[in-house]
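Tertiary structure, described
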Amino acid sequence: MAAAGHEDHDAPSRAENLRRQAERAFLSGRADEAHRIAVRALAEAGRTTAHSGALLLEHLGRYLDAGSASWEHDYFEQSLAELAPDAPPPERIRVLCSGGLAHLRRGRTDDGVQALREAAELARAAGDGALETFVSTIVAEAALTLGNLDESLRHTRRARRLGIESGRHHLVVRSYFNEARATYLRTGNVADAARIRGAGMAYAADHGELTTEEGNTLRLALIEDLIEAGRWPEADGLLGDPAPGERHGSLNEVEETLVRSWLLTWRGREPDPAPPFVRLVASSSPLHEAYLLSLALAAAARLADHAAVEELTGRALELARGHLAPPSSGLYVVDALASAIRAQTTGARPPMLHPECAPHRLLETLEAVHARVRHHVAAPYELTDGVAAVARAEVARAAGGTGPSALGTDEAEHWETAIWVFRRTHARARLVHALLGRAACHRPGDDHAAALLDEAERIAAPMDARPCLDDIARLRAAHSTARHTGPEPPPLPALALTPRQREVIARLAEGRTDREIATELRLSVRTVNAHVAQLLTRLGVRNRAEAVAWYVRSAPEGGGGGGRGSAEAGGAR
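Keep in mind that what you see is a predicted model, and the values were worked out from it rather than measured. (Residues numbered from 1 in each chain as written. Predicted model: local features only at pLDDT ≥ 70, side-chain atom pairs only at ≥ 80, totals over all residues. Heavy atoms only, no water.)

Let's shift gears to the overall build of the chain. Check the secondary structure of the chain and you find 28 helices and zero strands. Within the chain, the fraction of its 573 residues that count as buried is 53%. If you take every contact in the chain between residues at least 6 apart in sequence, the share linking residues at least 24 apart comes to 65%. (Helix = DSSP H or I, 4+ residues; strand = E, 2+ residues; numbered from the N terminus. Buried < 20%, exposed > 50% of the residue type's maximum accessible area, 1.4 Å probe, protein only. Contact = heavy atoms within 4.5 Å.)

On to the pattern of salt bridges, then. The full count for this structure, using the stated rule, is 34 salt bridges. Between Glu179 and Arg160 there is a salt bridge whose closest N-O contact spans 2.5 Å. Remark: Arg160 occurs in helix α8 (residues 149-166) and Glu179 occurs in helix α9 (residues 169-187); sequence separation between them is 19 residues. For Glu179, a relative accessible area of 8% translates into the label buried. Residue Arg160 is classed as buried on the basis of its relative accessible area of 13%. Salt-bridge contacts for Glu520 lead to Arg507; the nearest nitrogen and oxygen are separated by 2.9 Å. With Glu520 in helix α25 (residues 514-521) and Arg507 in helix α24 (residues 499-509), this residue pair connects regions lying 13 residues apart in the sequence. (Salt bridge = Lys/Arg side-chain N within 4 Å of Asp/Glu carboxyl O.)

As a further point, take the nonpolar core. Core analysis: the largest hydrophobic core is formed by 109 residues, its most contacted members being Ile227, Leu312, Leu366 and Phe422. With eleven residues, helix α15 (residues 286-302) is the largest single contributor of residues to this core. When near neighbours in sequence (up to four residues on either side) are disregarded, Leu312 contacts Phe277, Val278, Val281, Leu293, Ala296 and Leu297. (Core = buried A, V, L, I, M, F, W, Y, C linked by side-chain atoms within 4.5 Å.)

Summarising the element assignment, Leu222 is placed in helix α11 (residues 213-228). Classification of Leu222 by relative accessible area gives buried; the value is 8%. Between the C-alpha atoms of Leu222 and Gly200, which are 22 residues apart in sequence, the distance is 9.5 Å. Other than its neighbours up to four places away in sequence, Leu222 contacts Ala194, Arg197, Gly198, Met201 and Leu238.

So, on to the packing of helix α7 (residues 129-145) against α8. One can describe the packing of α7 onto α8 by two numbers: an axis separation of 8 Å at closest approach and a directional angle of 160°. Relative to α8, the element α7 lies roughly antiparallel. The interaxial crossing formed by α7 with α8 has left-handed handedness. Between α7 and α8, the contacting residues are Gly129, Ala130, Glu132, Thr133, Ser136, Thr137, Val139, Ala140, Ala143 and Leu144 on the first element and Leu149, Glu151, Ser152, His155, Thr156, Arg158, Ala159, Leu162, Gly163 and Ser166 on the second. (Axes fitted to C-alpha atoms, helices over the stretch in contact; angles between N-to-C directions. Parallel < 35°, antiparallel > 145°, perpendicular 65-115°, else oblique. Left-handed = near helix turned anticlockwise from the far one by under 90°.)

Right, let's get into the packing of aromatic side chains. Within the structure shown, the criterion is met by three aromatic pairs. When the centroid spacing of 6.2 Å and the interplanar angle of 45° are considered together, the rings of Tyr176 and Tyr203 count as tilted. With Tyr176 in helix α9 and Tyr203 in helix α10 (residues 190-206), this pair connects stretches of sequence that are 27 residues apart. Judged by its relative accessible area of 14%, Tyr176 is buried. (Phe/Tyr/Trp six-rings, centres within 6.5 Å; stacked < 30°, edge-to-face > 60°.)

Quick look at the side chain of Arg92 now. Inspection of the secondary structure puts Arg92 in helix α5 (residues 89-105). The class of Arg92 is buried, set by a relative accessible area of 17%. Within polar-contact distance, the side chain of Arg92 engages the side chain of Glu118 at 3.1 Å. Beyond its immediate chain neighbours, meaning those up to four positions away, Arg92 contacts Leu83, Ala84, Pro85, Ala87, Glu118 and Leu122. (Polar contact = N/O pair within 3.5 Å; in protein donor to acceptor, adjacent residues only side chain to side chain.)

Our next topic: helix α17 (residues 327-345). The first and last C-alpha atoms of α17 sit 28 Å apart over 19 residues, in line with the 27 Å expected at 1.5 Å per residue. Taken across its 19 residues, α17 has 18 buried, putting it largely inside the fold. (Expected span 1.5 Å × (residues − 1).)

It is worth spelling out the environment of Arg361 at this point. Mapped onto the elements, Arg361 comes out in helix α18 (residues 359-376). Among the residues examined, Arg361 registers a relative accessible area of 32% and is labelled partly exposed. Separated by 34 residues in sequence, Arg361 and Val395 have C-alpha atoms that sit 9.8 Å apart. Dropping the residues within four chain positions of it, Arg361 is found in contact with Pro355 and Glu356.

Written out as structure tokens, the structure reads:
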């Protein structure tokens, strides 16, 4: 009996020791081993009522969530089920927060909101700054999951203030990550996201949080911002190999491998060794799969790894048909499908076997996911609008050139939309691709193409983006040869503009201001600004004066180029 009593007394400590072993295994990148040890910890905890099984399950759920094996067992669900009514407030709050957030991510909104509401009430009653910091952080992430971006930002900034006051530095770092993500979802502005994450990195460095899970997650997110913004030397500096003995959790390990591969393939280099894209994505949980898919498909498409592209495309289609939370998951699925389209519409490639993988079918799915995301996140020029426009342009090109397609508009117009979005969002790496796509639509020898190529080269040269620089040189050579061997092409006809663009440029030629044009056409000033920006891109000119000069030169004598007169005859649109 004495031995049995001693065994019961030791059970809680053995369960806790095993939990710590599981956590160490996970943080060393050994998720499967961590899962096996976690099962043993649960068995030990079940041998006594002195140990809180609910809290142990919550701990296990948080760090095993990144391993695919852990998803076979819903630790958060079981943690909530085992939560005792008289559990201490800190334990109850932690379990309710983690379980509530997990409910939201699985689409169980009512259950998730109810759990988080109870946690918030307990935290307010406890008057504990550290607990309030934790709850505010989780509530901010819940608002983000539901697409309530303003509410997410409000709670995120409150969490940061409380975290600084209570010394919860890792939660402060997490708040910078959440603020950048919410800001990015609102605007798609890479520069804004990088600025916020950069401030978070500075805070993490000052408070010794760079090597924590939160610090490393923020670092990888900042690296992605820098890649998008074309600041590749800075991205290289942050991607340096970890010091010996400094390994992160398995999800961070996978993410770092894929981010490095993404940057190398932008530069036209093959990672050594080439990463097993399918296996890396399969090692993630459903909560992270969309994000890792977007990285893996982008790299696999540029490496022409057709087998990986086909399998990953199938995974992306499965995700597109399922529940997508938070809204950022939908954005990642759009990006992944756009990469799959690029792989099939660029260069030599074997056809994909499944009919749903045809470019036009992939675009239909992309558009449906994009519309679902738009239902949750209203942002007029976010980065994903540009990604979708590029996909439309590539499908239009594959369908038969630059003329009007089944999409109802031509390839050139989609490239112009992408250029406008990428300029606005400071996505310079993507902007180069869009500029090249638009330049390829011009006839050989066209001066407008030369202006687009000049802009692309100004961006790509400092980045050392070799594939882009090679494409620029090829297109420039084709235009130069045509200019010296053939007659000067006629001016671009006014009919190449859309009816609305002709209305706008005709009024610019008459000296109207943007506000006057907006009043006449019953548009907002911001919409007129957008039309003017698209006009400059479409015509390949630097400013409004050059656009007006082009309009005057190309207009038939006395007719105004089919601009205002024909537009007014058709009525306002």
